[in-house]
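Spelled out from the first residue to the last, the chains are:
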Amino acid sequence: MKSPTSSACGGDMPWFRLAFRPAVITDLRVADPAIAQRLFDKTKWLASNVDNLRHEPVAADLPGIHKYAVGDWRIFYSIDRTEQLVDIHHIHHAGPTQPTRPTRP
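The structure contained in this document is the topic of the report that follows.

This next bit is on the pairing of strand 7 (residues 85-93). Pairing geometry for strand 3 (residues 17-20) and strand 7, over four bridges, is parallel. When the sheet's bridge partners are listed, Ala19 is paired in strand 7 with Asp87. Both strand 6 (residues 73-80) and strand 7 contribute to a ladder of eight bridges, which runs antiparallel. Pairing of Ile75 across the sheet is with Ile91, part of strand 7. Counted between consecutive antiparallel strands, the loop separating strand 6 from strand 7 contains four residues, among which Gln84 sits at a positive phi close to 50°.

Right, here's the structure in full:
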């Protein structure tokens, strides 16, 4: 059986399978149902666009872990190209970021 393919950008690229760590269920419980669905849909989108994206590393001391922003939320994941698998490790609400301003004396 062939893997599903995406014809984005004119080529037939295989979709990567998705795996979710157990904690992701807990991560999504705090989200509004519409946001949780949006985040879940975005994980499917990530799996179908692995070769079209630049994967932003989380930190130098966490090789292979990437993050993707969806509004104020972050999806943390790794990619196993041999197994064609996107492993979702954690989904976190980062909250809006406020630029820090120097305080005046």
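Okay, the pattern of salt bridges next. A complete count under the given rule lists four salt bridges for this structure. Salt-bridge contacts for Glu83 lead to Arg17; the nearest nitrogen and oxygen are separated by 3.9 Å. Within this pair, whereas Glu83 is found in the loop between strand 6 and strand 7, its partner Arg17 is found in strand 3, the two being separated by 66 residues in sequence. A salt bridge links Asp51 to Arg81, with the shortest nitrogen-to-oxygen separation between them at 2.9 Å. Here Asp51, found in the loop between helix 2 (33-48) and strand 4 (56-57), pairs with Arg81, found in the loop between strand 6 and strand 7; they are 30 residues apart in sequence, far enough to count as distant. Classification of Arg81 by relative accessible area gives partly exposed; the value is 46%.

We now examine the nonpolar core. By size, the foremost hydrophobic cluster in this structure holds 16 residues, and its most contacted members are Leu28, Leu39, Ile75, Tyr77, Val86, Ile88 and Ile91. Within the residue set of this core, elements represented by two or more residues are helix 1 (23-29), helix 2, strand 6 and strand 7. Among the elements that line this core, the one with the most residues is helix 2, at four residues. Beyond its immediate chain neighbours, meaning those up to four positions away, Leu28 contacts Ala36, Leu39 and Ile91.

On to unusual backbone geometry. Even without a glycine there, the phi angle at Gln84 is positive, about 50°. Among the structural elements, Gln84 can be located in the loop between strand 6 and strand 7.

Within the secondary structure, Lys44 is located in helix 2. Along the primary structure Lys44 and Phe16 are separated by 28 residues, whereas in three dimensions their C-alpha atoms are 8.9 Å apart.

About the thresholds
Residues numbered from 1 in each chain as written. Predicted model: local features only at pLDDT ≥ 70, side-chain atom pairs only at ≥ 80, totals over all residues. Heavy atoms only, no water. Pairing = 2+ DSSP bridges. Helix = DSSP H or I, 4+ residues; strand = E, 2+ residues; numbered from the N terminus. Salt bridge = Lys/Arg side-chain N within 4 Å of Asp/Glu carboxyl O. Buried < 20%, exposed > 50% of the residue type's maximum accessible area, 1.4 Å probe, protein only. Core = buried A, V, L, I, M, F, W, Y, C linked by side-chain atoms within 4.5 Å. Contact = heavy atoms within 4.5 Å.

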